[in-house]
Amino acid sequence: MRTLLLTAVLLLFPLAALSQQGTTGDVTGIVSAGDSPLAGVAITLTSSSLQGSLTSISGENGGYHFALLPPGAYALRFELQGLETTRQVVRVSLAQTTRADVSMTAASSESISVVADSFDTTQIARSFRNDLVETLPTGRPLRDIALLSTSVNPNGRRNRLLISGAPSWSSVFLVDGAVVNDNLGGQPHDLFVEDAIEETTVLTGALSPEYGLFTGGVVSVRTKSGGNTLAGSLRSSLRNTAWTARTPWPDESEPEDNLSAIHEATIGGAGVRDRLWFFAAARFADQSKQQTTIRTNIPYIAATDETRWEVKLTGQIGRGHNVVLSYLESLLNESNTVSVPAGVLNLDALTPARSSPGQFLTTSYHSMLPRNVFLEAQYSMKTYALRGNGGLSTDRLLGTVIGAPRTGNLNAPQGCGVCGDDERNNDSWLIKGTHYRQTRTGSHTLLAGFDSFREERVFNAHRSASNYVIQTARFQFNGQNAYPIFDSATVINWSPVLLPSDGTSFGTHSVFLNDRWDLSTRLGFNIGLRYDRNDTSDADGNLVSDDDAISPRLAAFFDPRGDGAHRFSIGYGRYVSKIPELPGLGSAAQRAGNPHSFAWRYRGPTINSGTGPLAQLVSPREALAQLFAWFDSVGGVNNREFLVNLSVPGLSTLIPESLHSPFVDEVTFGYAVRVGKAGHLRADAIARAWGGFYAARLDTTTGQREDPEGNPVDVSWIVNDDSETSRTYQAVQVQGTWEVRLLRVGGGYTWSKLRGNEDGESQGGEPATNRPLALWYPELLGYSQRRPVGYLTGDQRHRARVWVSYDIPFARDVLDLSLIQSYDSGRAYSVEGLIDSRGTMTPYPESPRNPAYALTQFASAGYPYFFSKRGALRTDDVWSTDVALNFHVPLARANVFVQYEVFNLFNQAAVTNPSTEVLTLARSGRSSGLSAFDPFATTPVEGVHYRLPPDFGKATGPSSYQPPRTHALSIGMKF
């Protein structure tokens, strides 16, 4: 009923397009004479970014509005008989509104003024133009540009991006209005050519209802489109591992002389002036980087060979009617990649070779109709796959992974590279529009639209090429050698995929409405609403979610003088995520593609105990041979005596009712001030609280089933839980810009706190199910220190970026000196270890009583215990000074440039990735001398119940430090 009601309301609005999701901007304002509004003023808008010119007439309140404007500089001309012509030059930013109010007079000459980048929007956003990014000492990919915004940090698992406190998988990345997120972890696929990027906008708060499917933020990229003038570029970006300084690690090897290069080319122009523009770009990358394994610190070269190319056509099929078609194709080949979060301990655990083909298509139609009506329709499609992602041998000795969650992997790569591709595709439709009108109570910009987004994934979740993973608690290290210790704490995991997957289908259909109501130049409101309906099913065809959600988006601004000098804003919004696709969540209950999981406790003789001379230690593969010899002697996969965990897909996990999407509620307060004629400063306070968390429930009410052999299996449910899971974020964000003649200054600062009792990400950075104290084996695991509330791993108190760029002219040549000063305070971590809460290894008095669970889903490796407060410790603060010299030489019609960059000029060496391993009985075995304890009643004692290794909180190798001083060189030309 709600769907029908909202659809009916939508049809009452004239369908028109304010802006493709993040690909255009708009200009609005009021024309007046003194204090009186002027109606009937002819307004003409021109730009090199626009095909032809646009015209409008101011309404009865003097208001006017232009939409569908590509980012760029625009000239506005205001004409009315009896008054002198007035001109303004404005800058339109991506996904933002620029306000240009004009006062016309009877002066004897034309009035010309310039409006700088606008901070007038109630949205909390930051735009980065390509000319600025090319000048600064920073990376040019989408990820590096996003990190210039201080409300974005790389503190997710595996350094994934967090935006405004959300988990890394819960933000949206757009290229030309289409989603380029990876289906699994939510990070952006690199489906763009860096030199083709025109502008990037990072939206982090108070977002319009046209944006959905996230609880973090939106990063939107607009690519170039050609123009009436032929223009293009050539660039070669060079790096060499020999140009990188050493870290303080004493045994770090000397970097090799290994040159890497990225070559880019772009060209754009007009097939027919003001009617048909073309743009093409290509990128060829041959890169290599010297890396080291963790702990053992073995040097190796990780290499990539990548090709990307794109073509884009922009055509005007009639005055005010435009069509855009863009296509990109990419192929990435990688060697020696690391697919496990903790890292690898030897070279055998590296993925030797994998490839990632991708295709990306977007097409859109823009139309400007009479009476200030704008219309847009868009279709996009993305295909992406991983090939060869894992081990290449199915042999038990060559293809079995040996590992520990925090220590790293040994012997073989994680995953299977000979078991088929991992396909991750999406497609979307969008229809939306605006109608600008004026009434006696002010002007209204009415927005209405519909979008449909669908993800599909075809994947068989093999955990290794042999389907075996040996989980060991300890390793013996000797220089560059790592020896696994197999003892009573070791677990043999076998996870075969018995039913291949044909793919999942996860979709969301949305309707959104918004009224931007400018009561006057002093007061305005944003009244918006978004409705999302999930349509998701797993690879078995089972329903995952047909839930819906309504998200209000409300905001107001107050300008005391009505001239933009000071502006206050307040906002409230709810953002609703999509249903994630991941075994353990949306596809948890399917049989197809999911592995059966069996875990046996090793009960054979101790291997590599380390108690004898070094000569008694055996290699990882010899240790595996001894382990499998014992395993086969007790029946192998048919053994039930030592079986400690059993999970059967489609049997042991259910989704009992439709899941609903996670959401976050947000409140914002903002203040913006204009600094002179060329600068802006804005401060925003933001508070967020999440809800609708995913949780796994397994208690006495979820029941049991029988496996095919008649053995009882505990059943878990995937549900939504708000009772025991919390995540909150508070922040103050300050951003500013100031440009005058040859000098550009900008930057930002964010103070924030991220608290809760669940990070919401797996070790790989993908969405994870929570296991609340009262829901997951509560009689055995309901101790408070398993999930205490505190600072989460993404918490970072201070993050600051300040940049300065200054042009020094030399006759016709120009030398530009630019600098970025960065500061990141330390990230939170805890004294946390796995414990044997049931006392199965060493029983203790008052150990929890099993109420009749089969314990088939009880983690054999143990469960977390926080020996400190959550987030009690901090990594080092990170300072970095990055410098770039840009030299431009005009040559005929071209501009030749050379850019020299130095990152971390003073070679600061903060420890950013210290060891956090905590030794416990479950982690180290009986030989450790540590004791079990009652987690419900006993306060553990260091040295008795747990122990911190000597390197806890310290570096364990070169990869533990911030990147050392690095030099880079780029050369090229523009024409």
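Residues numbered from 1 in each chain as written. Predicted model: local features only at pLDDT ≥ 70, side-chain atom pairs only at ≥ 80, totals over all residues. Heavy atoms only, no water.

Asker: Explain the overall build of the protein to me, and be specific about the residues and the numbers.
Answerer: The number of helices and strands found in the protein is seven helices and 58 strands. Its C-alpha atoms give the protein a radius of gyration of 30 Å, within 12% of the compact-globule value 30 Å for 975 residues. For the protein, the spread of C-alpha atoms along the three principal axes comes to 100 × 65 × 50 Å. When the 975 residues of the protein are sorted by exposure, 59% land in the buried category. (Helix = DSSP H or I, 4+ residues; strand = E, 2+ residues; numbered from the N terminus. Rg over C-alpha atoms; globule rule 2.2 N^0.38 Å. Buried < 20%, exposed > 50% of the residue type's maximum accessible area, 1.4 Å probe, protein only.)

Asker: Can you tell me about a nonpolar patch on the surface, naming the residues and giving the values?
Answerer: Together, Val272, Leu276, Trp309, Val311, Leu313 and Leu325 line one region of the surface with nonpolar side chains, adding up to about 460 Å² of accessible area. Residue contributions to the nonpolar patch peak at three residues, all from strand E21 (residues 299-318). Note on placement: Trp309 falls in strand E21. Classification of Trp309 as partly exposed rests on a relative accessible area of 35%. (Patch = residues over 30% accessible without salt bridge, like charges linked within 9 Å, V, L, I, M, F, W, Y side chains within 5 Å. Areas by Shrake-Rupley, 256 points an atom, 1.4 Å probe, with all protein chains shown as cover. Salt bridge = Lys/Arg side-chain N within 4 Å of Asp/Glu carboxyl O.)

Asker: Lay out the sheet that holds strand E17 (residues 218-223) with the relevant residues and their values.
Answerer: If you trace the five strands from one edge of the open sheet to the other, you get E11-E16-E17-E14-E15, paired in mixed fashion. In this open sheet, the two edge strands, each paired with only one partner strand, are strand E11 (124-129) and strand E15 (178-179). Direction of pairing for strand E14 (residues 172-175) relative to E15: antiparallel, over a ladder of two bridges. The residue bridging Val175 from the neighbouring strand is Ala178, located in E15. (Pairing = 2+ DSSP bridges.)

Asker: Explain the pairing of strand E57 (residues 894-903) to me, and be specific about the residues and the numbers.
Answerer: Side-chain positions along a regular strand alternate between the two faces of the sheet. Here nine bridges tie strand E56 (residues 878-891) to E57, and the two strands are oriented antiparallel to one another. Looking at the pairing, Leu885 lines up with Tyr900 of E57. Two successive antiparallel strands, E56 and E57, enclose a turn made up of two residues, where Ala892 displays a positive phi of approximately 55 degrees.

Asker: An account of the sheet that holds strand E40 (residues 653-654) is requested, with residue identities and associated values reported.
Answerer: With mixed pairing, three strands are arranged side by side in an open sheet as E40-E46-E43. Here the strands that pair on one side only, and so sit at the sheet edges, are E40 and strand E43 (693-697). The sheet contact formed by E40 and strand E46 (residues 716-721) spans two bridges and is parallel. Counted as the bridge partner of Thr653 is Ser716 from E46.

Asker: An account of the layout of surface pockets is needed here, citing residue identities and associated values.
Answerer: Put simply, the largest pocket is a space of about 1,200 Å³. As for the largest pocket, its lining consists of 45 residues, and the residues nearest its centre are Asn130, Asp131, Glu198, Lys224 and Lys974. In terms of residue class, the lining of the largest pocket is built from 13 nonpolar, 19 polar and 13 charged. (1 Å grid on protein atoms, 1.4 Å probe; cavity = no way out; pocket = protein on both sides within 12 Å on 5 of 7 lines; lining within 4 Å. Points joined across faces, edges and corners; volume = space filled by probe spheres on them. Nonpolar A, V, L, I, M, F, W, Y, C, P; charged D, E, K, R; others polar.)

Asker: How would you sum up the state of the cysteines? Please name residues and give values.
Answerer: This model, assessed by the stated rule, comprises one disulfide. In this model, Cys416 is linked to Cys419 through a disulfide, with the two sulfur atoms separated by 2.0 Å. Judged by the torsion about the S-S bond (70 degrees), the Cys416/Cys419 disulfide is right-handed. Classification of Cys416 as buried rests on a relative accessible area of 9%. Of the residues examined, Cys419 reaches a relative accessible area of 26% and is grouped as partly exposed. (Disulfide = S-S within 2.5 Å.)

Asker: So, unusual backbone geometry: which residues are in play, and what are the values?
Answerer: Phi angles above zero are rare outside glycine, and Ala206 is one such case at about 55 degrees. Residue position: Ala206 is located in the loop between strand E16 (197-205) and E17. With phi around 60 degrees, Arg371 is a residue other than glycine that occupies positive phi space. Since its relative accessible area comes to 75%, Arg371 is described here as exposed.

Asker: Lay out the packing of aromatic side chains in plain terms, naming residues and giving numbers.
Answerer: The full count for this structure, using the stated rule, is 29 aromatic pairs. Between Phe867 and Phe933, the ring centres sit 6.3 Å apart and the planes meet at 55 degrees, which makes this aromatic pair tilted. Of this pair, Phe867 sits in the loop between strand E54 (863-866) and strand E55 (873-874) while Phe933 sits in the loop between helix H7 (921-924) and strand E58 (966-974), and the two are 66 residues apart along the sequence. The residues Phe867 and Phe933 share a single accessibility class, namely buried. Through successive ring pairs, a cluster of aromatic residues spans Tyr468, Trp494, Phe598, Trp600, Phe628 and Phe631. Between the NZ or CZ atom of Arg797 and the centre of the ring of Tyr791, over which it lies, the distance is 4.8 Å. The ring of Phe858 carries Arg838 above its face, with NZ or CZ at 5.5 Å from the centroid. (Phe/Tyr/Trp six-rings, centres within 6.5 Å; stacked < 30°, edge-to-face > 60°. Lys NZ or Arg CZ within 6 Å of the ring centre and 35° of its normal.)

Asker: Could you give an account of the pattern of salt bridges, naming the residues involved and the relevant values?
Answerer: Within this structure, the stated rule accounts for 47 salt bridges. A salt bridge links Arg295 to Glu917, with the shortest nitrogen-to-oxygen separation between them at 3.4 Å. Placement of the pair is Arg295 in the loop between strand E20 (276-292) and E21 and Glu917 in the loop between E57 and H7, with a sequence separation of 622 residues. Judged by relative accessible area, Glu917 falls into the buried class, the value being 13%. For Arg396, the salt bridge is made with Asp632, and the minimal N-O distance between the two is 2.8 Å. One end of the pair, Arg396, is in helix H4 (residues 396-399); the other, Asp632, is in helix H5 (residues 620-633), with 236 residues separating them in the sequence. With a relative accessible area of 29%, Arg396 lands in the partly exposed category. Given the relative accessible area of 41%, Asp632 is considered partly exposed. Taken together, the shared-partner salt bridges connect Glu134, Arg140, Asp195, Arg235, Glu264 and Lys974 into one network.

Asker: I'd like a rundown of the side chain of Asp795, residues and numbers included.
Answerer: Tracing the backbone shows Asp795 in the loop between strand E49 (790-791) and strand E50 (798-810). Judged by relative accessible area, which is 0%, Asp795 ranks as buried. Only 2.8 Å separates the side chain of Asp795 from the backbone nitrogen of Leu754, close enough to count as a polar contact. Once residues within four sequence positions are removed from consideration, Asp795 is found in contact with Ser752, Lys753, Leu754, Gly826, Arg827, Ala828 and Arg874. (Polar contact = N/O pair within 3.5 Å; in protein donor to acceptor, adjacent residues only side chain to side chain. Contact = heavy atoms within 4.5 Å.)

Asker: So what's going on with the nonpolar core? Residues and values would help.
Answerer: Grouped together as the largest cluster of nonpolar side chains are 29 residues, with contacts concentrated most on Leu659, Trp776, Tyr777, Leu780, Leu781, Phe858 and Phe867. Among the secondary structure elements, those contributing two or more residues to this core are E43, helix H6 (778-781) and E54. When residues no more than four places from it in sequence are discounted, the contact partners of Tyr777 are Leu698, Asp714, Gly782, Tyr853, Leu855, Thr856, Gln857 and Phe858. If you look at the next biggest cluster of nonpolar residues, it comprises 27 residues, including Ile607, Val618, Phe631 and Leu646. (Core = buried A, V, L, I, M, F, W, Y, C linked by side-chain atoms within 4.5 Å.)

Asker: Tell me about H5, residues and numbers included.
Answerer: The first and last C-alpha atoms of H5 sit 20 Å apart over 14 residues, in line with the 20 Å expected at 1.5 Å per residue. The set of residues buried in H5 consists of Pro620, Ala623, Leu624, Leu627, Phe628, Trp630 and Phe631. Along the axis of H5, the buried positions cluster into a sector of 155 degrees, meaning they face one direction only. A positive phi of about 110 degrees marks Gly635, the residue just after H5. (Expected span 1.5 Å × (residues − 1). Arc of directions from axis to C-beta.)

Asker: I'd like to hear about the confidence of the model for the protein, residue by residue, with values.
Answerer: Parts of the model with low pLDDT should not have their predicted coordinates read in detail. For the protein, per-residue confidence averages 89 on the pLDDT scale, and residues scoring 70 or more make up 95% of the total. Residue range residues 114-118 is modelled with pLDDT below 50. Its contacts to residues more than four positions away, or to other chains, number 17 contacts. (pLDDT = per-residue confidence, 0-100.)

Asker: Please provide a residue-by-residue account of the environment of Asn645, values included.
Answerer: Among the secondary structure elements, Asn645 is positioned in strand E39 (residues 643-647). In sequence terms Asn645 and Val713 are 68 residues apart; their C-alpha atoms lie 9.3 Å from each other. Excluding its chain neighbours within four sequence positions, the residues that come into contact with Asn645 are Ser597, Phe598, Ala599, Leu855, Thr856, Gln857, Phe858 and Ala859. A distance of 2.8 Å separates a polar side-chain atom of Asn645 from the backbone oxygen of Phe858.

Asker: Lay out the side chain of Glu334 in plain terms, naming residues and giving numbers.
Answerer: With respect to the helices and strands, the residue Glu334 is situated in strand E22 (residues 321-337). For Glu334, the contacting residues outside a window of four places in its chain are Ala303, Thr304, Pro352, Ala353, Arg354 and Ser356.

Asker: Please provide a residue-by-residue account of the environment of Ile402, values included.
Answerer: You can see Ile402 is positioned in strand E25 (residues 401-404). Relative accessible area serves as the criterion here: at 0%, Ile402 is assigned to the buried category. Once the C-alpha coordinates of Ile402 and Phe475 are considered, the two residues, 73 residues apart in sequence, prove to be 10 Å apart. Not counting residues within four places of it along the chain, the set of residues in contact with Ile402 comprises Gly408, Asn409, Leu410, Asn411, Ile470, Thr472, Phe475, Pro484, Phe486, Pro620 and Leu624.

Asker: Any details on the environment of Arg567? Residues and values, ideally.
Answerer: Turning to its location among the elements, Arg567 is positioned in strand E37 (residues 566-576). A relative accessible area of 6% places Arg567 in the buried class. Linking Arg567 and Gly670, residues 103 residues apart in sequence, is a C-alpha distance of 8.1 Å.

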